[in-house]
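Coordinates in review
Here is what each chain is made of, one letter per residue.
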Amino acid sequence: MPRKLAAGNWKMNGLRANLTEIETLAERHADSPIDILICPPAPLIAACQGTLLDIGGQDCHPATSGAHTGDISAQMLADVGATYVITGHSERRSDHGETDAIVAAKSEAAYAAGITAVICLGETLAEREAGTTLSVIDTQLTGSVPATATVQNTVIAYEPVWAIGTGKVPTLDQIAEVHAYIRAHLNARFDDGNKMRILYGGSVKGSNAAGIFGVPHVDGALVGGASLKADDFSEIITALEAS
Ligand code: 13P
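These notes cover the structure that comes with them.

Conventions we followed
- Residues numbered from 1 in each chain as written.
- Predicted model: local features only at pLDDT ≥ 70, side-chain atom pairs only at ≥ 80, totals over all residues.
- Heavy atoms only, no water.
- Near = heavy atom within 4 Å.
- Polar contact = N/O pair within 3.5 Å; in protein donor to acceptor, adjacent residues only side chain to side chain.
- Areas by Shrake-Rupley, 256 points an atom, 1.4 Å probe, with all protein chains shown as cover.
- Nonpolar A, V, L, I, M, F, W, Y, C, P; charged D, E, K, R; others polar.
- 1 Å grid on protein atoms, 1.4 Å probe; cavity = no way out; pocket = protein on both sides within 12 Å on 5 of 7 lines; lining within 4 Å.
- Points joined across faces, edges and corners; volume = space filled by probe spheres on them.
- Helix = DSSP H or I, 4+ residues; strand = E, 2+ residues; numbered from the N terminus.
- Expected span 1.5 Å × (residues − 1).
- Buried < 20%, exposed > 50% of the residue type's maximum accessible area, 1.4 Å probe, protein only.
- Arc of directions from axis to C-beta.
- Contact = heavy atoms within 4.5 Å.
- Pairing = 2+ DSSP bridges.
- Right-handed = clockwise from strand over helix to strand, strands pointing away.

**Things to note about the site of the ligand**
- Taken together, 13 residues sit near the ligand, with Lys11, His89, Gly165, Ser203 and Gly225 positioned nearest.
- Contacts to the ligand include Gly165, whose backbone N or O atom sits 2.7 Å from an oxygen atom.
- The contact in question runs from an oxygen atom of the ligand to an N or O atom on the backbone of Gly224, over 2.9 Å.
- Relative to its unbound accessible area of 310 Å², the ligand is 94% covered by the protein chains.
- Within the shell around the ligand, the residues separate by chemical class into four nonpolar, seven polar and two charged.

**Remarks on the layout of surface pockets**
- As a volume, the largest pocket reaches approximately 510 Å³.
- Lys11, Gln58, Asp59, Arg92 and His96 are, among the 20 residues lining the largest pocket, the residues nearest its centre.
- The dominant element in the lining of the largest pocket, judged by the number of residues it contributes, is helix α4 (residues 90–95), at three residues.
- When its residues are assigned to classes, the lining of the largest pocket shows eight nonpolar, six polar and six charged.

**Topic: helix α7 (residues 133–144)**
- The end-to-end C-alpha distance of α7, which contains twelve residues, comes to 16 Å, matching closely the 16 Å that a straight helix rising 1.5 Å per residue would cover.
- Of all the residues in α7, the buried ones are Thr133, Val136, Ile137, Gln140, Leu141 and Ser144. In a view along the axis of α7, the buried residues occupy a sector of 130°, so they form one face of it.
- For α7, the elements touching its buried residues are α4, α5 (100–112), β5 (116–121), α6 (125–129), β6 (154–158) and α8 (172–189).

**Some remarks on the pairing of β6**
- Taking burial as the measure, the five residues of β6 include five buried ones, the bulk of the element.
- Of the two faces of β6, the one carrying Thr154, Ile156 and Tyr158 and the one carrying Val155 and Ala157 are both buried.
- Where β5 meets β6, five bridges bridge the pair, whose relative direction is parallel. By the bridge assignment for β6, Ala117 is matched with Thr154.
- Strand direction decides the pairing type here: β6 and strand β7 (residues 197–201), joined by four bridges, are parallel. If you follow Ile156 over to β7, its bridge partner there is Ile198.
- In this region the chain leaves β6, passes through α8 and returns to the parallel neighbour β7; the handedness of that crossover is right-handed.

The structure is reproduced here in C-alpha cells:
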C-alpha cells in the first residue's frame, strides 16, 4: 500500500500570523502514521523550517536559475526546506497558460533539485459533460508525467476543475473510475506504478473525507480551502489516518 499523504495547498492565502496553524497541526499530529504536507505561499516557506510537517512550494520554474523575473526555481525551494512542489495545478494551467510539456519540465526540475513533484491533472466541466474525461486524463498523464518519475519523486493529484473551490464533489464512483484509470496508466508505464500515490482534490472537507478515502486507489487528498485552518485540516487528516 502506498504511504498516505494529506497535502494542503494554501494557494495565495496566508501571512506570517497564520504560521500558528502549521504549528498547531504539527503538535496535534506529531505521531501520525501518514505524511502531512503544507504548501504555503513561497514567502512563508523559509519560516516553516524546523516544523515536523513536510513543506512544499506551489510552483517552480523549469530552469535552475537565470533571467526569469518573479519566478522561483525548484533548487531555491529545496534550499529553504521544501521537500515537495506542486506542478500543473489547474489554476497555473489556466491563469498562466501552462501546457503539459511545461508541467513535465517543471516536474523534471523538481527531480533535479531532489524534491517530489505533486503533478496535478483533471478535466473541466465541459470535458466531463462531453464524456471525454478519461481521454483528457490520459493526455495529461502522458504529457505531464516525465518518463523519469518514480515512487519517491512523484505524487499524482486528480483534481476535477469543476470541483475546485465549488463545494461540488464527484460521486465516489466517478472518483473510483478516474483513480483506477490513473493507476492502470502508472502500472503500464512505471515499474513501481502500483506504489505511486494518487491524491484526490476538489472540495474535500471533514464531512466528505472518510467517504473519499474509502475509494480504491485514493492515497490521500490535496486540499485547498479546508487546509487553511488547523481545525478543519485536522479533521481531514484524522479521517485519512483512520482509513
Ligand atoms: P479546494 O479544496 O478549495 O476545492 O481546492 C482544491 C485544490 O485546488 C487544491 O489544490
